[in-house]
Each structure stands twice: as structure tokens, then as C-alpha cells.
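Structural overview for review
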Amino acid sequence: MDRLTNTIRPYAWGSPTALPALLGVEPTGEPQAELWMGAHPGAPSRVDRGAGVRTLAEVIAADPEGELGAATVAKFGPRLPFLFKILAAGAPLSLQVHPDLAQAKAGFEAEERRGIPIDAAHRNYKDPNHKPEMICAITTFDGLCGFRSPQASADLFEGLGVNSLKPYADLLRAHPEEAALREVLTAVLSADREQMARTVAETAAAAERLGGEYATYAALVHEYPGDPGVIAAMLLNHVRLQPGEALFLGAGVPHAYFDGLGVELLANSDNVLRAGLTPKHVDVPELLKIVRFEPSDPTVMRPEGDGGEEVYEAPIDEFRLSRFLLAPGGAPHVLPDGAPQILLCTAGSVRAGELALSPGGSAFVPADEKVELSGNGTVFRATVVV
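Quick look at the structure, then. (Residues numbered from 1 in each chain as written. Predicted model: local features only at pLDDT ≥ 70, side-chain atom pairs only at ≥ 80, totals over all residues. Heavy atoms only, no water.)

With that settled, consider the overall build of the protein. For the protein, the count of helices and strands is 12 helices and 20 strands. Over its C-alpha atoms, taken along the principal directions, the protein stretches across nearly 65 × 50 × 40 Å. Relative to its 386 residues, the protein shows a buried fraction of 54%. Pairs at least 24 residues apart make up 74% of the contacts formed inside the protein by residues separated by at least 6 positions. Carbon and sulfur atoms make up 51% of the accessible area of the protein, which amounts to about 16,000 Å² in all. Averaging the coordinates of the 32 positive side-chain charges in the protein and doing the same for the 50 negative ones gives two points 2 Å apart. (Helix = DSSP H or I, 4+ residues; strand = E, 2+ residues; numbered from the N terminus. Buried < 20%, exposed > 50% of the residue type's maximum accessible area, 1.4 Å probe, protein only. Contact = heavy atoms within 4.5 Å. Areas by Shrake-Rupley, 256 points an atom, 1.4 Å probe, with all protein chains shown as cover. Lys, Arg positive; Asp, Glu negative; His and termini not counted. Charge placed at Lys NZ, Arg CZ, Asp CG, Glu CD.)

To continue, consider the side chain of Asn 6. When you line up the elements, Asn 6 lands in the loop between strand 1 (2–3) and strand 2 (7–9). Looking at Asn 6, its side chain comes within polar contact range of the side chain of Ser 362, at 2.9 Å. Beyond its immediate sequence surroundings of up to four residues, Asn 6 is in contact with Leu 35, Trp 36, Met 37, Ser 45, Arg 46 and Ser 362. (Polar contact = N/O pair within 3.5 Å; in protein donor to acceptor, adjacent residues only side chain to side chain.)

Looking now at the pattern of salt bridges. Counted by the stated rule, this structure contains 18 salt bridges. Across the pair Lys 85 and Glu 264 runs a salt bridge, and its minimum N-O distance is 3.9 Å. With Lys 85 in strand 6 (residues 82–89) and Glu 264 in strand 12 (residues 255–267), this residue pair connects regions lying 179 residues apart in the sequence. Note on accessibility: Lys 85 and Glu 264 belong to one class, buried. Put simply, Arg 123 and Glu 111 hold a salt bridge, and the shortest N to O gap is 3.0 Å. (Salt bridge = Lys/Arg side-chain N within 4 Å of Asp/Glu carboxyl O.)

Each pair of packed helices gets described by two things: the angle between the helix axes and the distance between those axes. Taken N-terminus to C-terminus, the directions of helix 9 (residues 193–210) and helix 10 (residues 215–223) make an angle of 135°; their axes are 8 Å apart at the nearest point. It follows from the interaxial angle that helix 9 and helix 10 lie oblique. Crossing handedness for the pair helix 9 and helix 10: left-handed. In this structure, helix 9 uses Val 200, Ala 204, Ala 207 and Glu 208 to contact helix 10, whose residues at the interface are Ala 218, Val 221 and His 222. (Axes fitted to C-alpha atoms, helices over the stretch in contact; angles between N-to-C directions. Parallel < 35°, antiparallel > 145°, perpendicular 65-115°, else oblique. Left-handed = near helix turned anticlockwise from the far one by under 90°.)

Inspection of the secondary structure assignment puts Arg 113 in helix 5 (residues 101–113). The class for Arg 113 is exposed, based on a relative accessible area of 66%. Through-space distance from the C-alpha of Arg 113 to that of Val 239 is 40 Å; in sequence the pair is 126 residues apart.

Applying the stated rule across the entire model yields 0 disulfides. Cys 136 takes part in no disulfide bond, and the closest cysteine sulfur, belonging to Cys 345, lies 14 Å away. Distance from the sulfur of Cys 145, which forms no disulfide, to the nearest cysteine sulfur (Cys 136) is 14 Å. (Disulfide = S-S within 2.5 Å.)

Let us look at helix 6 (residues 150–160). Think of an α-helix as turning once every 3.6 residues; residues three or four places apart then point the same way. Where helix 6 is concerned, the buried positions are Pro 150, Ser 153, Ala 154, Leu 156, Phe 157 and Leu 160. The arc that holds every buried residue of helix 6, seen down its axis, measures 160°, which confines them to one face. The inward-facing, buried residues of helix 6 contact helix 7 (166–174), helix 8 (177–190), helix 9, helix 10 and helix 11 (229–233). Once helix 6 ends, the next one or two residues include Gly 161, with phi positive near 70°. (Arc of directions from axis to C-beta.)

It is worth spelling out the packing of aromatic side chains at this point. A full pass over the atoms with the stated rule returns 4 aromatic pairs. An angle of 75° between the planes, with centres 5.4 Å apart, marks the rings of Phe 141 and Tyr 257 as edge-to-face. Here Phe 141 is found in strand 9 (residues 141–147), whereas its partner Tyr 257 is found in strand 12, with 116 residues between them in sequence. Both residues of the pair, Phe 141 and Tyr 257, count as buried. Arg 9 extends its terminal NZ or CZ atom over the ring of Trp 36, reaching a point 4.5 Å from the ring centre. (Phe/Tyr/Trp six-rings, centres within 6.5 Å; stacked < 30°, edge-to-face > 60°. Lys NZ or Arg CZ within 6 Å of the ring centre and 35° of its normal.)

For the rest of this paragraph, the subject is the side chain of Asn 271. Along the polypeptide, Asn 271 turns up in the loop between strand 12 and strand 13 (273–276). Assessed through its relative accessible area of 0%, Asn 271 is described here as buried. Among the polar contacts listed, one links the side chain of Asn 271 to the backbone oxygen of Asp 127, at a separation of 2.8 Å. A polar contact is formed between the side chain of Asn 271 and the backbone oxygen of Asn 129, at a distance of 2.7 Å. When residues no more than four places from it in sequence are discounted, the contact partners of Asn 271 are Val 97, His 98, Pro 99, Ala 104, Asn 124, Tyr 125, Lys 126, Asp 127, Asn 129 and Lys 131.

Here is the structure:
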């Protein structure tokens, strides 16, 4: 087992205080958005087995079957198929969707054939993998997930009393649900930018005046003035997770995170199609191929289990998230071997084998190693399904 040394990513939307508070360190004054645990090439965790510091990616590459297990390598190849994070949102992240596996492969191959550099700002597909993800709240956590019913969005638009929103409300009421959502999102993202900036400004003024459920959209304008993503966001469900609650986000589901501290587990991919709330590239035609225009109520997940490992069930194999609530004096929990796992402490003081973990501390457990968990606190476990 290895104690992990991890990188914090300083994205502009990150909270300057949430991660330092969890880790028990002084804030730097700069945003601290994500702490990455895993072997992603962008910021792999580091380990030291007595012969000097190496990245976890290098350790796995040197002995894939020894570190990951034969079953994991056979199913996913010689790489860790997930990335584990602590995400600390202090401002809204971009409104985005992720492709499914077939779309990711096709998009990646097409951009490779066109010779688009992998680090180009207008590149959509950085790899041929899909990116399902799960977010589990450590604190109260706000965001958007999936489409509201078109009728509900039409009511929201009309309630603002903004004339330039009326055509969108009319479209939402005039067509079948999927067609209505597609038509309105297309119209919003394709609108003349100057006209849209005026609509966003009028929407913000009305939202600030009305408050209540509109306050969320007024806040978006302060971060992204003139951005059509502000109007697109009103097509989506606003979700507030309580600590321990989670969302699973599959391919094509539009979403954005606003505020809060959470544990995020996702397939190891960088493929993102953005719809707004960002200064980054927005490829509207490609986005519209990926979005699933299916209205639905968000399914807020709670862990299943009693007295031991509590599992957040997800319909994919690249990752499996579970939680242990450890109490002093309780019997140790013996974790199964056979697959790689990363253990993350988010509260209290716990022991994973010989390692003591405090909040924000994490460990990589190779496939052939059995581990006992004990102590007083909360541990999240990330592994794969093989």
C-alpha cells in the first residue's frame, strides 16, 4: 500500500478556502479547485517505495498486472481506468456534457485524421474514452443536472417577464418534449451574441428583482455576463445535495456544478463538450450530437448498506464508489483484494493497514493486497468492477 502525494489544480472556479479547511492548512489566497488521486497523465499521484519518488502512472506501467490485477488489465487495459478527486467549487463550472464510448472513439479518430493538435483549444476529443462520473457531497453541494420538463422551463422563462425570452417559452410549449428542448437549446446557443448579451442582462435584472428560485440565475450572470449558458441553464434541473448524497452523470446528460465540496469519481478521460458558462471553446454542432434531449427528474443517490461498506450503485464498470463510517471500538473492516483501489479519508482519524489517514489523506492499494480499515471517521473507497 502507498500513501499518495497529490496535486491540487488551481482552476479559476475553485474555492480558496474549502480544500485548505478540509486538509487543515492555511489558504494561499488562490483558488484550489480539485485534488487529483490516480494515474491521470495530467497530474498523477506520487508514491515512494524506498527507491525515490515515482508517479503512480510509472509504477503501474512497470507492472500492470501486479498493480491492477489480471482481471482489470484484461478488461480495461494496462492503466487505472478511473480518476478520483476532491472537488471544491466556489463558482460555477462550465455547462457541459460527455460523449458515450462510441461517440468518443469516433470523435477522437476524426480529429486525429484532421490533424488537430491534442492540446488545441478547439479540440473536443482528447482521448477515445467516455467519461461517466459521480459526485458525492461532503458539504451541501449545488448544481444542475438534466433537463426540466419543457413546460417547467417555459413557466420559468415567462415568470421573468422578459420579452426576448417569450419566443423560447412559446417553442417549449409548441412541440413534443425532445424536439422542443433541442430547438430551444439550438436557438439559444446560435443566437446573435450582441442580442443574447442584451437578453442575458435583462434576465439578470429581472432575476435579481424577483429573487427566490431566480436567484441562482442572477448569480450566474455575475460570473459570466452575456453568456448564453445563463439562458441554457434555465432548461436544467437545479439540484442541492446534502452531505452523503450523490448524483451519477451518464453520457449526454447536461450538467454544471455551482458550489460546495464533494468527492468525484470518473472514468479516466478528458472529453468535454461545453454549452456555456465558460470562456473556453463551445462547438455547438458537435455538442448537439452528444446531448440527450430527455427531460427527467434527477435521481439523488444515497449509499446502500448497513453497518459496513455503503455502496453508491452506478451502471458502469470503470469505477465503483463506496463509503465507510468508522466508529471507535468497532471491528476492523477487511477490504477485498483482486482489484486496485484508492482510499480517501474525508473526516476523523483512520487507519488503512499501517497507514494513518487524516482528512484529505489517501492511499493506493494494489490488487493483491488485503487491507483492514479502522478508526473514527469517514473513508471513501474507489475501485473497479471486474
